[in-house]
Amino acid sequence: MTPDASGKITWKKVKDSYRKNGFIFIHMKKDNCVVIPERVFASASEAAEIFDFLNLQIAQNT
């Protein structure tokens, strides 16, 4: 767990994403994973909006 971290990765290196048990999981093609707790968003609808954005970007860049 990293309290404060940032990094960059291109969309082409992202394999897929999914939501489960209050978390958004972003899987990379080399089996790395970024986990975002949904509690960091202002609302459930904002988390859903971000998740939809992720999936749109993944679809457009694969």
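You'll find the structure just up there.
Here we summarise the structure given alongside this text. (Residues numbered from 1 in each chain as written. Predicted model: local features only at pLDDT ≥ 70, side-chain atom pairs only at ≥ 80, totals over all residues. Heavy atoms only, no water.)

A look at the sheet that holds strand β3 (residues 33-37)
Here's step 1: Strand order in the open sheet formed by 3 strands is β1-β2-β3, with antiparallel pairing between adjacent strands. The open sheet has two edge strands with one neighbour each: β1 (14-20) and β3. Looking at each pair of strands side by side, their axes are set apart by 15 degrees on average, direction ignored.
Here's step 2: Strand direction decides the pairing type here: β1 and strand β2 (residues 23-28), joined by 6 bridges, are antiparallel. (Pairing = 2+ DSSP bridges. Helix = DSSP H or I, 4+ residues; strand = E, 2+ residues; numbered from the N terminus. Axes fitted to C-alpha atoms, helices over the stretch in contact; angles between N-to-C directions.)

Examining the nonpolar core
A general feature of soluble globular proteins is that nonpolar side chains tend to end up buried together.
Here's step 1: In this structure, V14, I24, I26, M28, F41, A47, F51, L54 and I58 together form the largest nonpolar core, which totals 9 residues.
Here's step 2: Where this core is concerned, the elements lending two or more residues are β2 and α1 (44-60).
Here's step 3: Of all the elements, α1 adds the most residues to this core, at 4 residues.
Here's step 4: Not counting residues within four places of it along the chain, the set of residues in contact with I58 comprises W11, V14, K15, D16 and S17. (Core = buried A, V, L, I, M, F, W, Y, C linked by side-chain atoms within 4.5 Å. Buried < 20%, exposed > 50% of the residue type's maximum accessible area, 1.4 Å probe, protein only. Contact = heavy atoms within 4.5 Å.)

Here we look at the packing of aromatic side chains
Each aromatic ring pair is summarised here by two numbers: the centre-to-centre distance and the angle between the ring planes.
Here's step 1: Counting across every chain of the model gives 3 aromatic pairs.
Here's step 2: Each ring, one from F23 and one from F25, has its centre 6.3 Å from the other, and the planes form 50 degrees; the classification is tilted.
Here's step 3: Looking at F23, the relative accessible area reads 30%, which means it is partly exposed.
Here's step 4: Among the aromatic residues, those joined into a cluster by ring pairs are Y18, F23 and F25. (Phe/Tyr/Trp six-rings, centres within 6.5 Å; stacked < 30°, edge-to-face > 60°.)

Section: unusual backbone geometry
Here's step 1: The backbone of N21 sits at a positive phi, close to 50 degrees, despite the residue not being glycine.
Here's step 2: Inspection of the secondary structure puts N21 in the loop between β1 and β2.
Here's step 3: Owing to a relative accessible area of 68%, N21 belongs among the exposed residues under this scheme.
Here's step 4: The phi angle at D31 is positive, at roughly 65 degrees, despite the residue not being glycine.
Here's step 5: Following the sequence through the fold, D31 ends up in the loop between β2 and β3.

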